[in-house]
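The residues making up each chain are set out below.
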Amino acid sequence: MDSESYDINLGNKDTETRKKASEDFISFWDEQAKKLSWFTPWEKTLDWNPPFAKWFVGGVLNASYNALDRHQSTKAEKPAILWEGENGDSKTLTYKDLFFQVKKFSNVLKSLGIQKGDRITIYLPMVPELPISMLACARIGATHTVVFSGFSSSSLKDRIIDSKSKIVITADGGFRRGSVVKLKEVVDDAIQGLDFVKNVILLERTKTPVNLNSKDKWWHDLMKDSSPDCEPEKLSSTHPLYILYTSGTTGKPKGVLHGTGGYLTHLQSTYKWAFDIKDSDVFFCTADIGWVTGHSYVVYGPLLHGATEVMYEGSPDFPDISRMWDIIQKYKVTIFYTTPTALRMFMKFGDEIPNSFDLSTLRLLGTVGEPINPEVWKWYYKIIGKEKCPIIDTWWQTETGGMILSPLPGLESILLKPGSATYPIPGVDMAIVNEDGKEVPPNNKGYLIIRNPWPGMLLTLWGDDEKYKSVYWSKYENAYYTGDYAIKDQDGYFWLLGRADDVLKVAGHRIGTAELESSIVSHSDVAEAAVCGIPHDVKGEAIIAFVVLKEGIKKNEETLRTEIVKEIRSGVGPIATPEQLYFVSRLPKTRSGKIMRRLLKAIAKNEKIGDVSTLEDGAAVSEVQSAFDELQKSFAKNKKN
Ligand code: WTA
């Protein structure tokens, strides 16, 4: 941990907010919720039936009303989205334009029979029609489930089946690094045999030839005659706004379900506190809307505030590594929010590239998704922020809905420490505990937990209350288990140390080892597989796979490797491609059959078994030692080949 600290504040010195929140977090959030527009106020602020929280019970509102309608009298002509296509196309949508499109598309969905409570899967690239689709769902009370457009057809299919979506919205193709990803083909594959999918709405983006089926309808045809009048549905505060699938420790992704009133309250508050948003700002979050950061801080957070934001379609290093700086210069971006992986990549290319752009409009910088190394933090601070912008390192999860740990320069002044996400936001009580749930002393590593409900928290896992209870609320009594390791230092600053479970964070993307392993074993020559993450200087973590082949397989290893990688790409998606793949004769396991990933990691990192101090689950030291030796031998042999 770095002992340096940086005093960059933006002049906000509110101390009352924290005080109120610590005295009574329920009435504190009650106050915050009043900043949204409600059709009917709530009767009860929090109905806490652990571990199920209902926020603002009895309150009636609409997310799209809060994002669009309420800005029309003051901000109709203000740009909402400054869209930049990967190929240099650009488009500006004002609040009026966005409102118009959303209402029209709401009527399209209605005309196709969509009703309040129905689910809709959205599989689109980063184009304005993606937030338009989401807001239209929200307007009529349909629950959207956005699937990242880099996921494979089988991942998409699992999500469509689990959510029982009646409609899938996609495009003919999406641009990625100058080539076209044929999204429509992926969707055709995914919905084969799914009778409950009634229609596919197809946006023309790349003009890639497509085969039209009876369920397909072109976006532009449907929109042509659709009426621009559509009243927002009056929805209860706990109405499900969206499902977002995320990886956990089991083979199947979990459908994290978010409500409306609590979720929006969390975003309304954190967007202001963290980003210090002002009417004159130009906000740019580089996240894809397919992940939670895009839901919360590309779509709902900025639009709730009537902010102007840049939305970029493509890859951050296309056509070259200066693309982000070019966009910041072009749109005079004032607030920039990105990932440590992107920063590590930019940093590798040196200072000269960012130094040759005008980045002087920047006033605040943020990161999200993975721990940021102090040296990258300092580079960001010095080279991008020119030592005048605070950096907010924001820790949160798909499940938390919005930021939970972060400096809040829009609220208060705080000393920043490179690599620390500082403190919990007001109203959230966190601790670092040991296996038994006891708080560990300062500067000791432990599990990060949250000890009270917060408004952005997930309602449950879609269709599986039991799993919701067991995954998050069973390890510790009355506390939410985050799955992360952390340390709290002597000054109360939190330092995140990565996942404590079998979830990987590769280039900031959340990937479950079990999902990966199940796609590897779906190759007919594979008997068993184990995957773990090893440190990577750009991606934070890289995937390494150990594969045991079935008896008697004589195929060439290179051929097999190529086939297995293909299997992973089609099972999960290209983001899950392993960095290294080794064939081994057996896997080290505990007596109860659990694969010992820490051992695999140690082998891959060329560490000694003694470094893997405590062995899990009663595995005998001698058994483990022999498995380790054997594996190390076959690993070394493999490496030579
Ligand atoms: C990790 C992303 C360190 C963490 C918003 C968490 C972080 C997981 C940070 C959730 C951060 C997120 N510092 N680690 N600032 N932010 N993480 O659901 O391990 O994609 O549990 O949500 O990302 O990933 P998810």
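(A) Inspection of helix α6 (residues 129-140) at higher detail. With 12 residues, α6 ought to run about 16 Å at 1.5 Å a step, and its terminal C-alpha atoms sit 16 Å apart, in line with that. Within α6, 12 of the 12 residues are buried, leaving the element largely enclosed by the surrounding structure. Listing the buried residues of α6 in full gives Glu129, Leu130, Pro131, Ile132, Ser133, Met134, Leu135, Ala136, Cys137, Ala138, Arg139 and Ile140. Positive phi appears at Gly141, one or two residues downstream of α6, with a value of about 85 degrees.

(B) Inspection of the site of the ligand at higher detail. Asp393, Thr398, Asp484, Arg499 and Arg510 are the nearest of the 17 residues found near the ligand. In this structure, an oxygen atom belonging to the ligand sits 2.9 Å away from a side-chain N or O atom of Gln397. Burial of the ligand by the surrounding chains reaches 97%, relative to a free accessible area of 530 Å². For the shell around the ligand, the secondary-structure elements that each account for two or more residues are α11 (292-304), β20 (391-394) and β25 (494-499). Partitioned by chemical class, the residues of the shell around the ligand number 6 nonpolar, 5 polar and 6 charged.

(C) Highlighting the sheet that holds strand β19 (residues 364-368). With mixed pairing, 7 strands are arranged side by side in an open sheet as β5-β4-β17-β16-β18-β19-β20. Strands at the two margins of the open sheet, each flanked by one partner only, are β5 (90-94) and β20. Pairwise comparison of adjacent strand axes, ignoring direction, gives a mean angle of 20 degrees for this sheet. Bridge count for strand β4 (residues 79-84) against β5 is 5 bridges, and the pairing is antiparallel. When the bridges of β5 are listed, Trp83 appears paired with Lys91.

(D) Geometry of the domain arrangement of the protein. One can read the domain layout of the protein as domain 1 (63-233) and domain 2 (502-640). At the junction of the two partners, domain 1 supplies 7 residues and domain 2 supplies 7 residues. Both faces considered, domain 1 and domain 2 share a buried interface measuring about 450 Å² in area, 49% of it formed by carbon and sulfur atoms. Taken as a group, Phe148, Phe151 and Ser152 account for 58% of the area that domain 1 buries against domain 2, more than any other trio of residues on that side. Connecting domain 1 to domain 2 are 0 salt bridges. Inspection of the region where domain 1 meets domain 2 yields 6 residue pairs in polar contact (both at pLDDT 80 or more). When its residues are assigned to classes, the side of domain 1 that touches domain 2 shows 2 nonpolar, 5 polar and no charged.

(E) Looking closely at unusual backbone geometry. The peptide bond linking Pro50 to Pro51 adopts the cis configuration, its omega dihedral lying at 0 degrees. Cis geometry marks the peptide bond from Phe318 to Pro319, where omega comes out at -5 degrees. Turning to its location among the elements, Pro319 is positioned in the loop between β17 (308-312) and α12 (323-331). Residues other than glycine seldom take positive phi values, yet Lys207 does so here, at roughly 60 degrees. Inspection of the secondary structure puts Lys207 in the loop between β11 (199-203) and β12 (216-218). Take Lys207: its relative accessible area is 64%, and that puts it in the exposed class.

(F) Quick peek at the nonpolar core. Among the nonpolar cores identified, the biggest contains 144 residues, and Phe105, Leu109, Ile201, Phe275 and Tyr300 are the most heavily contacted of them. When residues of this core are assigned to their parent elements, the largest contribution, 8 residues, is made by α6. Taken together, domain 1 (63-233) and domain 2 (502-640) each give at least three residues to this core, which thus spans both. Setting aside its immediate chain neighbours within four residues, Phe275 contacts Thr270, Phe283, Tyr297, Ile335, Tyr337, Arg363, Leu364, Ile392 and Met403. Residues Ile8, Ile321, Val376 and Ile383 belong to the second largest nonpolar core, which totals 39 residues.

(G) Representation of the sheet that holds β25 in the model. Strand order in this open sheet of 4 strands is β21-β22-β24-β25, and the pairing throughout is antiparallel. Only two strands of the sheet have a single neighbouring strand rather than two, namely β21 (430-433) and β25. Averaged over all adjacent pairs, the angle separating strand axes in this sheet is 45 degrees, with direction ignored. Bridging between strand β24 (residues 480-488) and β25 involves 4 bridges; their strand directions are antiparallel. Bridged to Asp484 within β25 is Arg499.

(H) Geometry of the pairing of strand β16 (residues 282-285). Both faces of β16 are covered, namely the face carrying Val282 and Phe284 and the face carrying Phe283 and Cys285. Bridge count for β16 against β17 is 3 bridges, and the pairing is parallel. Opposite Phe284, over in β17, you have Val310 as the bridge partner. In terms of handedness, the path from β16 via α11 over to β17 forms a crossover that is right-handed. In the sheet, β16 pairs with strand β18 (residues 335-338) via 3 bridges, with the strands oriented parallel. In the sheet register, Phe284 faces β18, and the bridge partner there is Phe336.

(I) Structural context of the pattern of salt bridges. What the rule picks out here adds up to 39 salt bridges. Between Asp501 and Arg499 there is a salt bridge; the shortest N-O distance is 2.6 Å. Where salt bridges share partners, they join Asp276, Lys278, Asp281 and Arg363 into one cluster.

(J) Focus on the packing of aromatic side chains. Taken as a whole, this structure holds 41 aromatic pairs when the rule is applied. Where Tyr447 meets Tyr476, the ring centres are 6.5 Å apart and the plane angle is 50 degrees; that geometry is what we call tilted. Of the two residues, Tyr447 is situated in strand β22 (residues 445-450) and Tyr476 in the loop between α16 (465-473) and β24; the sequence distance between them amounts to 29 residues. Here Tyr472 and Tyr480 contribute two aromatic rings whose centre-to-centre distance is 5.3 Å and whose plane-to-plane angle is 15 degrees, an arrangement assigned as stacked. Tyr480 gets classed as buried once you look at its relative accessible area, which sits at 0%. Among the aromatic side chains, those forming a connected cluster through ring pairs are Trp48, Phe52, Trp454, Tyr468, Tyr472, Trp473 and Tyr480. Over the aromatic face of Phe99 sits the side chain of Lys103, whose NZ or CZ is 3.8 Å from the ring centroid. Positioned over the ring face of Phe39 is Lys234, at 4.8 Å from the centre of the ring.

(K) How the structure looks around the packing of helix α17 (residues 513-521) against helix α18 (residues 557-571). Put simply, α17 and α18 touch, their axes get as near as 8 Å, and they point 125 degrees apart. By the criterion of interaxial angle, the relationship of α17 to α18 is oblique. In this structure, the crossing between α17 and α18 has a hand that is right-handed. Note on element contacts: α18 touches α17 through Ile564, Glu567, Ile568 and Gly571, opposite Leu516, Ser519 and Ile520. Looking at the contact of α17 with α18 residue by residue, the classes come out as 4 nonpolar, 2 polar and 1 charged.

Calculation criteria
- Residues numbered from 1 in each chain as written.
- Predicted model: local features only at pLDDT ≥ 70, side-chain atom pairs only at ≥ 80, totals over all residues.
- Heavy atoms only, no water.
- Helix = DSSP H or I, 4+ residues; strand = E, 2+ residues; numbered from the N terminus.
- Expected span 1.5 Å × (residues − 1).
- Buried < 20%, exposed > 50% of the residue type's maximum accessible area, 1.4 Å probe, protein only.
- Near = heavy atom within 4 Å.
- Polar contact = N/O pair within 3.5 Å; in protein donor to acceptor, adjacent residues only side chain to side chain.
- Areas by Shrake-Rupley, 256 points an atom, 1.4 Å probe, with all protein chains shown as cover.
- Nonpolar A, V, L, I, M, F, W, Y, C, P; charged D, E, K, R; others polar.
- Pairing = 2+ DSSP bridges.
- Axes fitted to C-alpha atoms, helices over the stretch in contact; angles between N-to-C directions.
- Domains from an automatic or database assignment.
- Contact = heavy atoms within 4.5 Å.
- Buried area = accessible area lost by both parts, 1.4 Å probe.
- Salt bridge = Lys/Arg side-chain N within 4 Å of Asp/Glu carboxyl O.
- Core = buried A, V, L, I, M, F, W, Y, C linked by side-chain atoms within 4.5 Å.
- Right-handed = clockwise from strand over helix to strand, strands pointing away.
- Phe/Tyr/Trp six-rings, centres within 6.5 Å; stacked < 30°, edge-to-face > 60°.
- Lys NZ or Arg CZ within 6 Å of the ring centre and 35° of its normal.
- Parallel < 35°, antiparallel > 145°, perpendicular 65-115°, else oblique.
- Left-handed = near helix turned anticlockwise from the far one by under 90°.

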